[in-house]
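# Structural characterization, general
Each chain is listed here by its residues.
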Amino acid sequence: MQSGPVHCSSEISMDSFFDLFDPSPSSGSNSDSDLRNGNDDDSNEQIDTISQLLHHRNGDSSTELMLKGIDFNRGFLPPEPQLGNIEYKLKLINPSKQRFEHLVTQMKWRLREGNGEAIYEIGVSDSGHLHGLNDADMTVSLHTLNQMARKLDASTSILRRKSLADHRSVVEVLVRKIPDDQHNIEVRVAVLGGADAGKSTLLGVLTQGEFDNGRGLARLNMFRHMHEIQTGRTSCISHETLGFDAEGSVINYKYNEMMTAEEISDRSTKLVTFMDLAGHRRYLKTTVQALSGYCPHHALIVIAAGNISNMTREHLAIIHALDISFSIIVTKIDLAPPEPILFELKNLLTAIGYRKVPYLISNQDDVLNANAHQSVEQIVPIFCVSNVTGEGLDLLIQYLYVLSPGISNAEKERLEQQPIEFQIDEIFRVAEVGTVAGGLLCKGVLTENSQVKVGPLQDGSFFSVTVQTIHRNKAPCRVVRAGQSASLSFNTVEPMPALRSGMVILPDYESSDVACGCFFFQAQVSVLFHATRIFKGFQTTVHIGSIRQTAIIEGIMGAGDTGIGTNQSASVLFRFVRHPEYVRPGMRILFREGTSKGIGKVTQVFPLKQTLNPTTG
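Everything numeric here is computed off the predicted structure, so don't read it as measured data. (Residues numbered from 1 in each chain as written. Predicted model: local features only at pLDDT ≥ 70, side-chain atom pairs only at ≥ 80, totals over all residues. Heavy atoms only, no water.)

This part covers the overall build of the protein chain. When helices and strands are tallied, the protein chain shows 14 helices and 26 strands. Counting across all 617 residues of the protein chain, residues that qualify as buried make up 57%. Restricting to contacts in the protein chain with at least 6 residues of sequence separation, those with at least 24 account for 71%. Accessible surface, the protein chain as shown: approximately 26400 Å² in total, 49% of it carbon and sulfur. (Helix = DSSP H or I, 4+ residues; strand = E, 2+ residues; numbered from the N terminus. Buried < 20%, exposed > 50% of the residue type's maximum accessible area, 1.4 Å probe, protein only. Contact = heavy atoms within 4.5 Å. Areas by Shrake-Rupley, 256 points an atom, 1.4 Å probe, with all protein chains shown as cover.)

Here we come to the pairing of strand β8 (residues 298-304). Of all seven residues in β8, seven are buried; the element is thus mostly enclosed. Burial along β8 is two-sided: the face carrying His 298, Leu 300, Val 302 and Ala 304 and the face carrying Ala 299, Ile 301 and Ile 303 are both buried. As paired strands, β8 and strand β9 (residues 326-331) are joined by six bridges and run parallel to one another. Bridged to Leu 300 within β9 is Ser 327. This β-α-β element, β8 to helix α9 (residues 310-321) to β9, shows right-handed connectivity. (Pairing = 2+ DSSP bridges. Right-handed = clockwise from strand over helix to strand, strands pointing away.)

Attention shifts here to the sheet that holds strand β21 (residues 518-529). Read around the barrel, six strands follow the order β21-β24-β23-β22-β25-β26 and close on themselves; strand pairing throughout is antiparallel. Averaged over neighbouring strand pairs, the angle between their axes works out to 45° when direction is ignored. In this sheet, strand β25 (residues 588-593) lies alongside strand β22 (residues 539-544) in antiparallel orientation, the contact comprising three bridges. Within β25, the residue paired with Val 542 across the bridge is Phe 591. (Axes fitted to C-alpha atoms, helices over the stretch in contact; angles between N-to-C directions.)

Our focus in this paragraph is the packing of aromatic side chains. Following the criterion strictly, the structure yields six aromatic pairs and no others. Seen from their ring centres, Phe 383 and Tyr 399 are 5.2 Å apart, and the 55° between their planes marks the pair as tilted. Residue Phe 383 is located in strand β11 (residues 379-384), and its partner Tyr 399 is located in helix α13 (residues 393-402); the two are separated by 16 residues in the primary sequence. A relative accessible area of 0% means that Tyr 399 is categorised as buried. With a centroid separation of 5.1 Å and an interplanar angle of 35°, the aromatic rings of Phe 521 and Phe 576 are classed as tilted. Taken together, the positions of Phe 521 in strand β21 and Phe 576 in strand β24 (residues 569-576) put the pair 55 residues apart, joining distant regions of the chain. Take Phe 521 and Phe 576: they sit in the same class, and that class is buried. (Phe/Tyr/Trp six-rings, centres within 6.5 Å; stacked < 30°, edge-to-face > 60°.)

What follows deals with the sheet that holds strand β3 (residues 155-163). Judged by pairing direction, the sheet is mixed, and its four strands sit side by side in the order β1-β2-β4-β3 without closing on themselves. Only two strands of the sheet have a single neighbouring strand rather than two, namely β1 (86-89) and β3. When strand polarity is set aside, the average angle formed by the axes of neighbouring strands in this sheet is 20°. By the bridge criterion, eight bridges tie β3 to strand β4 (residues 169-176) in an arrangement that is antiparallel.

Have a look at this one:
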């Protein structure tokens, strides 16, 4: 794809539109806005009427939130974070042997925090001030950094270099170490948005490398059913992958046009796995189940230039409730100017319910700034793209290349040491293979030929099976680890009972008390929105991991006859309506019915004894 800055197909230039996202009105060629855009001339005289209007309407209420201390080009960065994968180094010149070993240990810790990726700012003090180094000192410092990385079998690549006064410079370096037991670093990204926003088309263009023809050609390979092709609407979860090599080039179409998923995975050092989710309200339950069950590291909210639909607002609320970091992609900028919807997004994201910082992406520096400080500063990157002309897609691809999984390597290792728990989300029937279960391994390490239990059945019990084969990213593998999605086939002596979404796979050695379903469970919940009040007997759709089932509130502790309403919390007793489910304390719960929404955590479960008739529950 052609690289270059984003330009919108409208009379108002994107450069002038930065004033929408700048904390203060421009005041000359040396303003923050000019420095950010790299402008040397006085372009502020061309500020458009819309930008002036938005400044006037916005006032100063959210100015403290906007872009404060996150811009690499402002001469300073936020203070070095104690946690996370970002490290500041003023210089790395001829360290002693003891100091070098300490630096290597520090790098190892930063890599663990970033799940195999760390960002080093060379020439920056711990306070965030950009001191810079001369060419000789920078060369030595980068050489020392490379030696540190080689000690850990890691690779380094320069992301950007900023020149300062007196021939000094600051360099940002990406350090990457692929875990020994993995082929690549994987990031799961959910793609959401209203119907006709262009989600499937965007994924088709990203993964196939060819622009759309304006009539939906790029999305055809994303669809899995005939009715999706006929209507142009996604109705189920579709998985696609985007692979990168060590230099950041896309693998999918680098070598040939017909690369298989297995070839893409084998050649990639970084693999982005997309989940294309349905945008129509009819399939909202499927979308919420995927977000809850697959636990994506990041979400892309796709919005067509024009207006923000109610379905998109619903998706934003769900993403926010599940505490998933997200970015926004404004598509179809070749058909409509993006300014009105960007202003609407600014008001929405800075509202009390979200308190996010909208960050418009215009160049490579913006991409790296947003990625480095997204979690700390609550930044929401916003991209303006066209699937027909390709505008802005190069910046989106670079953002996906540097996007890091949210979970640290230390947390990942902790989960891998626990007993396996695989949540089943999809069921397939494959010729000559039999039943195949797709889902997410939440805990432990699962290998081929493992003896496991699957359930719960209608009476709450589990049955024993053997894992025959494992597939990840459409390619066979021998092992799947905590946090990875996979498809499993089974080998059983007796006929296997019918599987369903929401079942789990546990170790075969678990006792019947642990491996047992339940009808009743208690949770501490908070109501995000309800038009009136919620009382005993309220029916709602409950999402817990891959579980999606109607449940009835059997009791609200301490609420009496008043019930609970919006922004109120209480301990609530739920009862599943149809069949028992495997629930454990600590699991996150999301319940919704119409526009009503609530979140919480399971605090207690009441296992269904196998001797108990479920109909009496």
